[in-house]
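Residue-level structure breakdown
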Amino acid sequence: MKSLPEKVNAVKRVYAQLDKDIESMQQSSGLHCLSGCGECCKKPDIECTPIEFLPLALEIFDAGKADEVWQELHDKQDSLCYVFRPHVTHFGGMCNAYPNRGLICRLFGFTARINKESQPELVTCKFIKQEQAKEIEVLTSAMKAGKKIPVMGNYYTRLTSIDPTLAEFYPINKAMLKALEVVMHYYAYRKRRKS
Ligand code: SF4
C-alpha cells in the first residue's frame, strides 16, 4: 500500500507524461488554446476525482493553508472552480494553481475519447473548432488513417490504479475538498517529512 507522498508522486508522474504527450500532439497538429482563454474552466458542471487533486491538496497543506482552504471550499456556494480567476473583461481567466491543476484540466481540448464505433474522437472546444478548423480537419483525417493522439480513458485508468478509493467523480470543488481531507487526515497523527 502506497503512502500519501508516494501517491502524490505517482500522480505527478502521470501528469508529467501526459503533459509531454499533449505537447507533442499540439506540435504535430498545430492546435492550441486561444491566448488568455480559460472559458472551459467556467463550465458549471465539471466533474473530477479526488485523486486528481492530491498534489494540489498537499501543496496547500505544506503552505499551512489547509484549514482556511477547507473552510472556503466547504462554504463555497457557486460551482465555479475554486482556483479559477476570471478576467474582469468576462472573457477567459487564469488558473491560480496551474502546475497542480487536475486531470480533466490537462486533458480537455487536446485528447480523444473512444466513441460508440470504438474509434478515437477529438474532444475539444467551440473556440478551437471555430478558429482552427483547418488543423482539426487535417488531424481528423490523420486519425482516421491511424494517427494516435492521447486517449482520455488511459490517463483515468492510470490514476485509478494509484488509489481506486479516490477515483469516484464529484463536482470539481467537492473533489478538491475530498483530496484536502485525505491529506489532512493522513497528517493528523503523522509528522510531515519533506523530501
Ligand atoms: S480548451 Fe478552448 S475554452 Fe479551454 S482554454 Fe483552450 S481555447 Fe479556451
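Here is a short report on the structure shown in this document. Source: prediction; values computed, not measured. Within any chain, residue numbers begin from 1 and follow the written order of that chain's sequence. Predicted model: local features are reported for residues with pLDDT of at least 70 only, side-chain atom pairs are reported and counted for 80 or more only, and whole-chain, interface and lining totals are derived from all residues. Based on all heavy atoms of the structure, the side-chain values leave hydrogens and waters out of the count.

Any two strands with at least two DSSP-identified bridges between them are counted as paired. To qualify as a helix, a DSSP run of H or I must reach at least 4 residues; to qualify as a strand, a run of E must reach at least 2; elements of each kind are numbered from the N terminus. Bridging between strand β4 (residues 111-114) and strand β5 (residues 120-123) involves four bridges; their strand directions are antiparallel. Residue pairing for β5: Thr-111 is matched across the bridge by Val-123.

This part takes up helix α6 (residues 133-144). Between the first and last residue of a helix there are one fewer steps than residues, each counted as 1.5 Å, and that sum is the expected span. Here α6 spans 16 Å end to end across twelve residues, near enough to the 16 Å set by a 1.5 Å rise per residue. Among the residues of α6, Ile-136, Leu-139 and Met-143 are the ones counted as buried. Across the axial projection of α6, the buried residues extend over an arc of 65°, all falling on one side. Turned more than 90 degrees off the buried face of α6, the exposed positions are Lys-134, Val-138 and Lys-144. A contact between two residues is defined here by any heavy atoms of the two lying within 4.5 Å. In this structure, the buried side of α6 is in contact with α1 (4-29), β4, β5 and α5 (126-131). Just downstream of α6 lies Gly-146, where phi reads positive at about 115°. Categorising residues by exposure relies on relative accessible area from a 1.4 Å probe, with only protein chains included: less than 20% of the type maximum marks a residue as buried, more than 50% marks it as exposed, and the intermediate range marks it as partly exposed. Picture the helix axis, draw a direction to every C-beta atom, and the arc is the one those directions span.

Before going further, it helps to spend a moment on the site of the ligand. Proximity criterion: a residue is near a molecule or strand once any of its heavy atoms comes within 4 Å of it. Around the ligand lies a shell formed by Cys-33, Leu-34, Cys-37, Gly-38, Glu-39, Cys-40, Phe-108, Cys-125, Phe-127 and Ile-128. Among the detected pockets, the ligand sits in the largest pocket. Along the lines of polarity and charge, the residues of the shell around the ligand split into eight nonpolar, one polar and one charged. Grid spacing is 1 Å over the protein atoms alone, the probe is 1.4 Å, and a cavity is where that probe fits but cannot get out, while a pocket is an open set with protein on both sides within 12 Å along at least five of seven lines and lining residues have an atom within 4 Å of a point. Whether a molecule lies in a cavity or pocket depends on its atoms, and more than half of them have to be within 2 Å of the grid points. Classes in brief: Ala, Val, Leu, Ile, Met, Phe, Trp, Tyr, Cys and Pro nonpolar; Asp, Glu, Lys and Arg charged; the others, Gly included, polar.

Grid points are joined across faces, edges and corners, and a volume is the space filled by probe spheres set on the points. In this structure, the largest pocket spans a volume of roughly 930 Å³. Within the residue set of the lining of the largest pocket, elements represented by two or more residues are α1, β3 (93-95), α4 (103-107), α5 and α8 (172-186). With four residues, the single largest contributor to the lining of the largest pocket is α1. Of the residues in the lining of the largest pocket, the class split is 24 nonpolar, five polar and nine charged.

With that out of the way, let us pick up empty space enclosed by the protein. Using the criterion set out here, one finds one cavity of 30 Å³ or more in the structure. If you list the elements that add at least two residues to the lining of the largest cavity, you get α2 (54-62), α3 (66-75) and α8. Residues that form the lining of the largest cavity fall into these classes: eight nonpolar, no polar and no charged.

Moving on, we come to the packing of aromatic side chains. In this analysis, rings of Phe, Tyr and Trp, with Trp reduced to its six-membered ring, are considered paired at centre separations within 6.5 Å, and the interplanar angle assigns stacked below 30 degrees, edge-to-face beyond 60, and tilted for intermediate values. According to the stated counting rule, one finds four aromatic pairs in the structure shown. Plain terms: the ring middles of Phe-61 and Tyr-187 are 5.2 Å apart, the flat faces sit at 25° to each other, and that makes the pair stacked. Here Phe-61 is found in helix α2, whereas its partner Tyr-187 is found in the segment after α8, with 126 residues between them in sequence. The class of Phe-61 is partly exposed, set by a relative accessible area of 24%. Each ring, one from Tyr-186 and one from Tyr-187, has its centre 4.9 Å from the other, and the planes form 85°; the classification is edge-to-face. Residue classification places Tyr-187 among the buried positions, given a relative accessible area of 9%.

Turning to the nonpolar core, a few remarks are in order. Of all hydrophobic cores here, the largest spans 57 residues; its most connected members are Leu-31, Phe-53, Leu-54, Leu-103, Leu-159, Met-176 and Leu-180. Top contributing element to this core by residue count: α1, with nine residues. Among residues more than four places away in sequence, those in contact with Met-176 are Phe-53, Leu-56, Leu-73, Cys-81, Tyr-82 and Val-83. Take the buried residues of types Ala, Val, Leu, Ile, Met, Phe, Trp, Tyr and Cys, join any two whose side-chain atoms come within 4.5 Å, and each joined set is a nonpolar core.

Our next topic: the environment of Ile-46. Here Ile-46 lies in the loop between α1 and β1 (47-48). Put simply, Ile-46 and Asp-19 are 27 residues apart on the chain and 20 Å apart in space, counted from C-alpha to C-alpha. For Ile-46, the contacting residues outside a window of four places in its chain are Cys-40, Cys-41, Ile-104, Tyr-170, Pro-171 and Ile-172.

Moving on, we get to helix α7 (residues 152-162). Along α7, the positions that sit buried rather than exposed are Met-152, Tyr-155, Tyr-156, Leu-159 and Ile-162. Angularly, the buried residues of α7 cover 110° about the axis, an arc narrow enough to put them on a single face. Projecting away from the buried face of α7 at angles above 90 degrees are the exposed residues Thr-157 and Ser-161. Considering only its buried residues, α7 is in contact with α1, α4, β4 and β5.

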